[in-house]
Amino acid sequence: DFDHVVEALLNTPADLDSLRPDSVLEDSCIKEAVIRSGMKFRWAKLGESQERPNRDAQRRPPADPALLVSRPPVVTIMGHVDHGKTTLLDSLRKSQLVATEAGGTTQHIGAFLVQLPTGERITFLDTPGHAAFSSMRARGAHATDIVVLVVAADDGVMNQTVESIQHAKNAKVPIIVAVNKCDKPQADPQRVKQELLAHGVVCEEFGGDVQAIHISALKGDNLQALAEATVALAEVLELKADPGGPVEAVLIESRTDKGKGPVTTVIVQRGTLRRGCVLVAGCCWAKVRFLFDENGCAVLEAAPSAVVQVVGWKELPSAGETVLEVESEQRAREVVEWRSHQAEQHKLLGEQSAIELKQQRHLEEYRREREPLAHLSWRQRRAALYRADKIRFSMRPSERTECDEPGLPLVIKGDVDGSVKTLLNILDGYDAQDECRLDVIHFGVGDVSENDVNMAATFGGSVYGFNVAASRGVTQLAARRGVALHLHRVIYQLVEQLRHELSSKLPPQR
Ligand code: GDP
């Protein structure tokens, strides 16, 4: 029993050495307990040779400038909640539907292309705001060239506006301001631009170089001007890429489709993606069977800055991964095998991932505080400590002042380590609801288990699963214990649901 093992390990760490290595490593329960107890896998398979030749796939060196051609800009829309990001994306997408006569079959694939009447193209990322942006950046994927900062003209600069500016500045990505909701009678675009000054965003009329376009995302007013401003900035940035040579791309969304199997959306950064290309991403590989655009139409090839759905993955890689083309299936297997081996080595050698370190820190706090509660059971003690705010599983080091502050305890499960990390990154950067605490009480890889549900029930929280399943028994247990079980295959939808649940926890507006 899990509690038992943790208890035993905490009391007598030395016992760990007496555990039988092989059988122990198989047992995920004990493995997790070991991680929680902050101990390293001392029995790591050190005997295995670590001196393998490096068989990884790498990005190519920069191309000869003579081979570069212009490419469309990739744009992320950011801004404060309710300022109109989703509405703007919808309006931009709709403007394209008419143009392409695709008949309203647009699917959400994580990004879409807008083509101006003059022929210029813009790729818009359609993933929720700065959450996706920072999670990609955390993985070193630079997918965005321009940030469109949406600020509502009736509301002005708010805290997430400032955060968005900070994100863009840190990533050295230029900003275009979309002053939204200009159709409202109380709109005051001038005030917005003045407020932005205080945050180092100097619009053209104040002598700066930041373009500000007055729009109404709802009515579709001036979207053309916004697109033109984006193209103009892209020209200044001289965005270029080499359409030849092996493909390099960034993976922005991944999910399992009932009919198609593992499906990913990628933005091509270099080379031209075609059917038959062999790709690697993280520890997964694909031989490209089909490419689809956002209208679900099969396409033959995708040049730099194009967004396509890729079908043909053997397993599902996670969003944020870099996608690289290799020369053959054999080479892809070799790369994946090498990477998997590396990942395993990292784990075994105790170079604990950020997740494990976080757990370790939580546990240290737990240990410090557990003494006075020695007579209680492990679970009772943990709950008591949690309630007393002594043990903090919060992702955000929030300075809590009131104990009745609303909070949402979460159990997060994902199909692979990468997807769990992505989710945690998103939650980490997701401080939409300052008044509502996001407490990740447990997270891990694999299907939702009874233990997950029980843990959520203990803290009155919910379970969120990405690309994982829950057995009938687990679903029934969740229903019995009143635990909300949210299973999603699209990160965007998961985050939306979470946002809803968070909003429902907030006290009514004062
Ligand atoms: P997000 O949280 O930034 O994605 O904001 P939404 O796109 O969900 O918009 C929040 C609310 O503002 C919705 O009720 C929209 O209908 C409304 N809204 C968005 N853009 C405009 C606009 O240009 N004018 C007006 N009047 N309302 C807008």
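All of the points below concern the structure found in this document. Computed from a prediction, not measured in an experiment: that's the story for all the values here.

1. Let's talk about the packing of aromatic side chains
Alright, step 1. Taken as a whole, this structure holds two aromatic pairs when the rule is applied.
Alright, step 2. Seen in terms of ring centroids, phenylalanine 112 and phenylalanine 124 are 5.9 Å apart; in terms of plane orientation they differ by 25°. Their pairing is stacked. On the criterion of sequence distance, the pair formed by phenylalanine 112 in strand S3 (residues 111-115) and phenylalanine 124 in strand S4 (residues 121-125) is long-range, its members being twelve residues apart. Both residues of the pair, phenylalanine 112 and phenylalanine 124, belong to the buried class.
Alright, step 3. For the cation-ring pair, lysine 314 lies above tryptophan 285, with the distance from its terminal atom to the ring centre recorded as 4.8 Å.

2. Remarks on the nonpolar core
Alright, step 1. Counting 26 residues, the largest nonpolar core has Ile77, Leu88, Leu92, Phe124, Val148, Ile176 and Leu226 as its most contacted members.
Alright, step 2. Elements with a minimum of two residues in this core: strand S2 (74-79), helix H4 (85-100), S3, S4, strand S5 (146-152), strand S6 (175-180) and helix H8 (223-237).
Alright, step 3. Here this core gets seven residues from one element, more than from any other, and that element is H8.
Alright, step 4. When residues no more than four places from it in sequence are discounted, the contact partners of valine 148 are Val75, Thr76, Ile77, Met78, Leu88, Ile176, Ala178 and Leu226.

3. Concerning the site of the ligand
Alright, step 1. By nearness alone, 16 residues border the ligand, and Asp82, Lys85, Thr86, Thr87 and Asp183 come closest of all.
Alright, step 2. In the environment of the ligand, an oxygen atom lies 2.5 Å from a nitrogen or oxygen atom belonging to the side chain of threonine 87.
Alright, step 3. Leucine 218 places a polar main-chain atom, nitrogen or oxygen, 3.2 Å from an oxygen atom of the ligand.
Alright, step 4. Across the complex, the protein chains shield 78% of the 580 Å² of accessible surface that the ligand would expose by itself.

4. Regarding the sheet that holds S5
Alright, step 1. Strand order across the open sheet formed by six strands is S3-S4-S2-S5-S6-S7, with mixed pairing between neighbours. Edge positions in the open sheet fall to S3 and strand S7 (212-214), since each of these has one partner strand only. The sheet shows a mean angle of 30° between the axes of neighbouring strands, direction not considered.
Alright, step 2. Relative to S7, S6 is paired through three bridges, and the arrangement is parallel. In the strand pairing of S7, valine 179 is matched with histidine 214.

5. Brief notes about the pattern of salt bridges
Pairs can form between side chains of opposite charge whenever their charged atoms are close.
Alright, step 1. Inspection of the entire model under this criterion finds 20 salt bridges.
Alright, step 2. Between arginine 59 and glutamate 248 there is a salt bridge, and its shortest N-O distance comes to 2.9 Å. Taken together, the residues arginine 59 in the loop between helix H3 (28-36) and strand S1 (69-70) and glutamate 248 in strand S9 (residues 248-257) connect sequence positions 189 residues apart.
Alright, step 3. What makes glutamate 248 buried here is its relative accessible area of 3%.
Alright, step 4. A salt bridge links arginine 71 to aspartate 145; the shortest N-O distance between them is 2.9 Å. Taken together, the positions of arginine 71 in the loop between S1 and S2 and aspartate 145 in the loop between helix H5 (129-138) and S5 put the pair 74 residues apart, joining distant regions of the chain. The pair arginine 71 / aspartate 145 is uniform in exposure class, with both members buried.

6. Notes on the packing of helix H13 (residues 450-459) against helix H14 (residues 472-481)
Alright, step 1. Contact geometry of H13 with H14 gives a least axis separation of 9 Å together with a crossing angle of 10°. Between H13 and H14, the angle is such that the two are roughly parallel. Mapping the contact onto sequence places Glu450, Val453, Asn454 and Ala457 in H13 and Val474, Leu477, Ala478 and Arg481 in H14.
Alright, step 2. Counted by class, the contact of H13 with H14 contains five nonpolar, one polar and two charged residues.

7. Here's the deal with the side chain of lysine 193
Alright, step 1. Relative to the helices and strands, lysine 193 is located in helix H7 (residues 189-197).
Alright, step 2. Setting aside residues up to four positions removed in sequence, lysine 193 forms contacts with Cys203, Glu205, Phe206, Ala212 and His214.

8. What about the sheet that holds strand S10 (residues 261-270)?
Alright, step 1. Read around the closed barrel, the six strands follow the order S9-S10-S15-S13-S12-S16; overall the barrel is antiparallel. If you compare each strand with its neighbour and ignore which way they point, the axes differ by 45° on average.
Alright, step 2. Pairing geometry for strand S12 (residues 278-281) and strand S16 (residues 322-326), over four bridges, is antiparallel. From the neighbouring strand, alanine 281 faces S16, where its bridge partner is valine 323.

9. Structural notes on unusual backbone geometry
Excluding glycine, a negative phi dihedral is what most residues carry, and trans is how most peptide bonds are arranged.
Alright, step 1. Within the chain, lysine 181 stands out as a residue other than glycine whose phi angle is a positive 65°.
Alright, step 2. Within the fold, lysine 181 resides in the loop between S6 and H7.

Rules behind the numbers
Residues numbered from 1 in each chain as written. Predicted model: local features only at pLDDT ≥ 70, side-chain atom pairs only at ≥ 80, totals over all residues. Heavy atoms only, no water. Phe/Tyr/Trp six-rings, centres within 6.5 Å; stacked < 30°, edge-to-face > 60°. Helix = DSSP H or I, 4+ residues; strand = E, 2+ residues; numbered from the N terminus. Buried < 20%, exposed > 50% of the residue type's maximum accessible area, 1.4 Å probe, protein only. Lys NZ or Arg CZ within 6 Å of the ring centre and 35° of its normal. Core = buried A, V, L, I, M, F, W, Y, C linked by side-chain atoms within 4.5 Å. Contact = heavy atoms within 4.5 Å. Near = heavy atom within 4 Å. Polar contact = N/O pair within 3.5 Å; in protein donor to acceptor, adjacent residues only side chain to side chain. Areas by Shrake-Rupley, 256 points an atom, 1.4 Å probe, with all protein chains shown as cover. Pairing = 2+ DSSP bridges. Axes fitted to C-alpha atoms, helices over the stretch in contact; angles between N-to-C directions. Salt bridge = Lys/Arg side-chain N within 4 Å of Asp/Glu carboxyl O. Parallel < 35°, antiparallel > 145°, perpendicular 65-115°, else oblique. Nonpolar A, V, L, I, M, F, W, Y, C, P; charged D, E, K, R; others polar.

Geometry only, nothing functional implied.
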